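Structural overview
Now for the letters of each chain:
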Amino acid sequence: MTWIDIGALDDIPIRGARKVKTRQGCVAIFRTEEATVYATSNTCPHKGGPLEEGIVHGAKVTCPLHNWVFDLETGEAQGSDEGRIATYPTKIEDGRILIDAAILGQQAA
Amino acid sequence: MKKLVIIGAGMAAGRLVEHVSEAGGWEITLFNAEPRGTYNRIMLSPVLSGEKTYQEIVTHNDDFYATHSVTCRFGERVTAIDRAARTVTGENGTVSYDKLVIATGSDPFMIPLPGHDLSGVIAYRDLEDTERMMTLGEGAKAVVIGGGLLGLEAAAGMHARGVDVTVVHLMGHLMERQLDEAAGYLLRKELIGRGIKVLCSSNSKEILGEDGKVKALRLENGTELPCDLLVMAVGIRPATAVAKEAGLAVGRGIHVDDQMITSDEDILAIGECVEHDGALFGLVAPLYDQAKVAAQTIAGEDARFVNRETSTKLKVTGCDLFSAGDFAEGDDREDIVFRDPSRGVYKRLVLQDNTLIGAVMYGDTADGGWFHGLIKDKIDISDMRETLIFGPAYQGGAALDPMAAVAALPADAEICGCNGVCKGQIVTAIEGGAADLGAVQATTKASSSCGTCTGLVEQLLAVTLGDAFELPTAKPVCGCTDLTHEDVRRLIKSRELKSQAAVWQELGWKTPNGCHVCRPAINYYLLADWPVEYQDDPQSRFVNERKHANIQKDGTFSVVPRMWGGITNAAELRAIADAADKYNVPTVKVTGGQRIDLLGVKGEDLPAMWADLGRAGLVSGHAYAKGLRTVKTCVGTDHCRFGTQDSTGLGVKLEKKLWGSWTPHKVKMAVSGCPRNCAEATCKDVGIVCVDSGYEIGVGGAAGMDLKEIEPLVKVATEDEAMEWVIAFVQLYRENAKYLDRPYKWIAKVGLDWVQDTMSSAEERTRLVAAFELSQTIYQKDPWAERAEEEEARKFAPLADLTLEAAE
């Protein structure tokens, strides 16, 4: 697996998120705890809401448009809503956030 | 005999000397910059607090070195290593070696704040530092920067000697590497309870001195903490200078292989100065392993250092806490959380694939060893999962009492703020025969005024009467708690809960940090009730209030600058038009609140647009906020032939006074200059209609999902009185309403009579206005100007743009 450095851990507040632009669309990077990050699609499958703007609680995020809640580990919508967001591998090294380089090449593959 | 030179006499070196002299065959020279041999550095904290003496923690004394023929060169710094000549030069001369071991340990990291070189600014590393702290007399003041293990031990130790100690910690909670937020909160509470001041999320700015001696620490927010001694305990760095100068391979630490050999085969390194396989070391167990491996390598034996999994059982004198393994949230991980607010107990277990991988505990750590065993041995816990958190002794038991929070209240805790009724009085009344809410109201007056404590009174009935009382089902805030909004508000005040962590812990929240429903509410309650102590948390706000703009259905934002009382001018309009052009704003709309809305702005353009608008004097209109929106006005006596008062002037004054304040829901106001009511004041949250004889103030209007006409609150004669009443009303609403209740909904619950009764007291109005003004000193700041600054503006841009990166 090839990893790409996308920024410093401290660039994202705890229980906050930032987005990363890729040619496949935006990826949201969530920091749920001091040293825990998740990467998922930034787009809510319901009406396309930007998930990076949602409230992060536990390992979940709530879409800012219509309050759909997604589990950041599985990508599954919670409760009675049905849908799933893509999730991507990440890791933290020396205070930097790394993301699986595969997100760059999915379309080409 | 061959010659072994060791640089450094710390704990790793001490162990190495033992191993090598045991095996024999080497003539040892031991350098130490400290003027003494090896002692147990870990035990400096008990020395500081007075529980032990230095003599008790010495591990190698003069006798030991004499018996083992170790040449001691203590108090002597090594200045150079000559690898070609195989010599080590100290301040008092040169010695040759066959093998050299570098064990220089680590240096405390000193933050290069202005004034860090003043006398009285020290680290916490060695005996000298400890002794320096011990010289402080009773009543002296000390500041400790750093709320990690070492900093807290220094603080606790000095406090035990009667020193007035303040801990300043950069992060949001103490010991953030070892503890999660909830355990950090309990630790902080314990330390504060002992009398140690603890400031979290506090950034140090400079150290102030007088005559070359430390006098105070100034924080970023301007606070000055006077001190006679300042201790920096913010971390350590491997001490690699000597190795680096000698040309050895050095990364973060001195690179060593599995045999502890550096890039020079005759030089080894052990301890906190080394980097092995990317890892640095701070705990003593692996250092002892390294010493053993190094001794074997020197003896020509085959040995390998393996960095074993270490548990971090921690001890801050008198605080019972335990942390082991990995307790971060992560892929496929699950939490089991147990909180017992009355006993101050918190336990959290982290599970992965049916095994325990991490545990944090506070208050009751008796089962720590057992949990650590489960982590180390990777035991499958699926069979005991249900009862795991109760520990090895658990044999079945009752579920946690959802009313524990109320049951735990002391008898003198105030339940009914309106009538000043304590828990004890209510319980006495219930025991005396008051068996339902009405009876309690009649006997004690509790819950007979504003009614927000009704839920608590009912819970007291349930707790006191047991099954004999049937609790009416009140709607809890959300799935994270059984408490209602009113209960939570009341408990935040009566139990003085001043942080989110305090709310989660003391009120027994079922989730680690709430959800999108409760967290914004809790954030509001905390900042409304404790404006000075609590710090607003942007991550607990809905996107609009975090971004200070309204999100639209396509993810773009709308921008509405403030127009005081609906008054603008050519320069402002020009700036708005320029911004609309520059940022390709597709829609420009005039709002119902008498201002201009720029719709369709891209999120990343917001800071630049705000900066442009700010240059023309425009500030945020808070069109996105649960706060004051606009004060709509008509032109009043300025121009209108019917106007009775300066309605525009009053509107502008009100808006200037009230803007920036957070309220339970949005607040819209209007001032009409005469009963013709051109400003439509009679359907606002607060509406003022001017008449010849003064100002008629009405409250609780609405023109949204519900249509409501305002109800008359009061009629006053002067503009000053009108200002006072409106401000006091807003503050009363801020202090009492449920989050997301507009004033009309809140008034329907508490009754207009109660509002009028409360506000009829001049004393209460003065208190309300003062409380509001205090809050405004903190919150009346233009959020746009703050976020247009470079540092903040960066946060609106994507973290990274990978659209130009080539795929593999």
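What you see is a predicted model; the values in this text were computed from it and never measured.

A look at the confidence of the model for chain B
All names here are of chain B.
- Per-residue confidence for chain B gives a mean pLDDT of 88; residues scoring 70 or more make up 94%.
- Low pLDDT, under 50, characterises residues 395-400; the stretch is placed with one contact to residues that sit more than four places away or in other chains.
- Interface confidence for the predicted complex, given as ipTM, is 0.90, next to a pTM of 0.64.

Description of the sheet that holds strand E21 (residues 321-325) of chain B
All names here are of chain B.
- Strands sit in the order E21-E24-E23-E22 across an open sheet of four strands; the sheet is antiparallel. Where the open sheet ends on each side, the last strands, each with one partner, are E21 and strand E22 (333-340). Shown here is a sheet whose adjacent strand axes are inclined to one another by a mean of 15°, direction ignored.
- Where E22 meets strand E23 (residues 345-352), eight bridges bridge the pair, whose relative direction is antiparallel. Along E23, the bridge assignment pairs Glu334 with Leu351.
- Its contacts with the sheet place helix H7 (residues 181-194) against E21, E22, E23 and strand E24 (355-362), and it is angled at close to 20° to E24.

Things to note about empty space enclosed by the protein
Residue and element names in this part refer to chain B.
- Here the structure, examined in full by the defined rule, presents two cavities of 30 Å³ or more.
- In this structure, the largest cavity occupies an estimated 40 Å³ of space.
- For the lining of the largest cavity, the element with the highest residue contribution is helix H17 (residues 518-529), accounting for three residues.
- Grouping the constituent residues of the lining of the largest cavity by class yields four nonpolar, three polar and three charged.
- The computed volume of the second largest cavity comes to approximately 40 Å³.
- Lining the second largest cavity are His548, Ala549, Asn550, Ser558, Val559, Val560, Ala623, Tyr624 and Trp784.
- The residue makeup of the lining of the second largest cavity, split by class, is six nonpolar, three polar and no charged.

Re the packing of aromatic side chains
- The tally for this structure, following the rule as stated, stands at 14 aromatic pairs over all chains.
- A ring pair is formed by Trp68 of chain A and Phe70 of chain A, whose centres lie 6.3 Å apart and whose planes are at 40°; its orientation type is tilted.
- The exposure class of Trp68 of chain A is buried, given its relative accessible area of 13%.
- We classify Phe70 of chain A as buried; its relative accessible area is 0%.
- Judged by centre distance (6.0 Å) and plane angle (55°), the ring pair of Phe729 of chain B and Trp746 of chain B falls under tilted. Taken together, the residues span a long stretch of sequence, with Phe729 of chain B in helix H23 (residues 719-736) and Trp746 of chain B in helix H24 (residues 743-750) at a distance of 17 residues. Side by side, Phe729 of chain B and Trp746 of chain B carry an identical accessibility label, which is buried.
- Site record: aromatic cluster; members linked through ring pairs are Phe729, Tyr733, Trp746 and Trp754 of chain B.
- A cation over an aromatic ring shows up here: Lys347 of chain B above the ring of Phe338 of chain B, its NZ or CZ 5.7 Å from the ring centre.
- Above the face of the Trp530 of chain B ring, Lys498 of chain B is positioned so that its terminal group lies 4.5 Å from the ring centre.

So, the sheet that holds strand E16 (residues 229-232) of chain B
Residues and elements named next belong to chain B.
- In space, the five strands of this open sheet follow the order E9-E16-E10-E11-E12, with parallel pairing throughout. Edge positions in the sheet fall to strand E9 (121-123) and strand E12 (197-199), since each of these pairs with one other strand and no more. Strand-to-strand, the axes of this sheet are offset by a mean angle of 20°, without reference to chain direction.
- Across four bridges, the pairing between strand E10 (residues 141-145) and E16 is parallel.

Some points on the packing of H23 of chain B against helix H25 (residues 752-760) of chain B
All names here are of chain B.
- In the contact formed by H23 and H25, the axes pass within 11 Å of each other and the chain directions differ by 120°. By the angle class used here, H23 and H25 are oblique. As H23 runs across H25, the sense of the crossing is right-handed. Judged by residue contacts, Trp725, Ala728, Phe729, Leu732 and Asn736 of H23 engage Trp754, Val755, Thr758, Met759 and Ser760 from H25.

Details of the pattern of salt bridges
- Applying the stated rule across the entire model yields 54 salt bridges over all chains.
- Glu680 of chain B is the partner of Lys632 of chain B in a salt bridge, and the nearest nitrogen-oxygen pair spans 2.7 Å. In this pair, Lys632 of chain B is assigned in strand E31 (residues 628-633) and Glu680 of chain B in the loop between strand E32 (667-672) and strand E33 (686-691), connecting sequence segments 48 residues apart.
- Judged by relative accessible area, which is 9%, Lys632 of chain B ranks as buried.
- Given the relative accessible area of 41%, Glu680 of chain B is considered partly exposed.
- Three or more residues are tied together by salt bridges with common partners; here these are Lys19, Lys21 and Glu52 of chain A together with Glu604 of chain B.

Brief notes about the packing of helix H22 (residues 647-658) of chain B against H23 of chain B
Residue and element names in this part refer to chain B.
- Contact pair H22 / H23: the axes reach a minimum separation of 11 Å and the direction vectors enclose 35°. Here H22 and H23 pass one another in a crossing that is right-handed. Of the residues in H23, those in contact with Leu650, Lys653, Leu654, Lys657 and Leu658 of H22 are Glu719, Ala722, Met723, Val726, Ile727 and Val730.

Looking at the interface of chain B and chain A
- Contact with chain B, which involves 44 residues of that partner, is made by 42 residues of chain A.
- Between chain B and chain A, a total of about 3600 Å² is buried, with carbon and sulfur atoms accounting for 52% of that surface.
- A salt bridge links Arg15 of chain A to Glu181 of chain B; the nearest nitrogen and oxygen atoms lie 2.9 Å apart.
- Between chain B and chain A we count 15 residue pairs in polar contact (both at pLDDT 80 or more) in total.

Things to note about H7 of chain B
All names here are of chain B.
- Over its 14 residues, H7 extends 20 Å from the first C-alpha to the last, a length consistent with the 20 Å expected when each residue adds 1.5 Å.
- Along H7, the residues that are buried comprise Ala182, Ala183, Gly184, Tyr185, Leu186, Leu187 and Leu191.
- Looking one or two residues beyond H7, the residue adopting positive phi is Gly195, at roughly 110°.

A closer look at the side chain of Asn32 of chain B
All names here are of chain B.
- Structurally, Asn32 can be placed in strand E2 (residues 26-32).
- On the basis of relative accessibility, which here comes to 10%, the residue Asn32 falls in the buried class.
- At 3.5 Å, the side chain of Asn32 and the backbone nitrogen of Ala9 are in polar contact.
- Residues within four places of Asn32 in sequence aside, it is in contact with Gly8, Ala9, Gly37, Arg73, Phe74, Gly75 and Glu76.

With respect to the pairing of E16 of chain B
All names here are of chain B.
- The two faces of E16 match: Leu229 and Val231 on one face and Leu230 and Met232 on the other face are all buried.
- Pairing geometry for E9 and E16, over three bridges, is parallel. Bridged to Val121 within E16 is Leu230.

Thresholds, definitions, all that
Residues numbered from 1 in each chain as written. Chains lettered and ligands numbered in written order. Predicted model: local features only at pLDDT ≥ 70, side-chain atom pairs only at ≥ 80, totals over all residues. Heavy atoms only, no water. pLDDT = per-residue confidence, 0-100. Contact = heavy atoms within 4.5 Å. Pairing = 2+ DSSP bridges. Helix = DSSP H or I, 4+ residues; strand = E, 2+ residues; numbered from the N terminus. Axes fitted to C-alpha atoms, helices over the stretch in contact; angles between N-to-C directions. 1 Å grid on protein atoms, 1.4 Å probe; cavity = no way out; pocket = protein on both sides within 12 Å on 5 of 7 lines; lining within 4 Å. Points joined across faces, edges and corners; volume = space filled by probe spheres on them. Nonpolar A, V, L, I, M, F, W, Y, C, P; charged D, E, K, R; others polar. Phe/Tyr/Trp six-rings, centres within 6.5 Å; stacked < 30°, edge-to-face > 60°. Buried < 20%, exposed > 50% of the residue type's maximum accessible area, 1.4 Å probe, protein only. Lys NZ or Arg CZ within 6 Å of the ring centre and 35° of its normal. Parallel < 35°, antiparallel > 145°, perpendicular 65-115°, else oblique. Left-handed = near helix turned anticlockwise from the far one by under 90°. Salt bridge = Lys/Arg side-chain N within 4 Å of Asp/Glu carboxyl O. Buried area = accessible area lost by both parts, 1.4 Å probe. Polar contact = N/O pair within 3.5 Å; in protein donor to acceptor, adjacent residues only side chain to side chain. Expected span 1.5 Å × (residues − 1).

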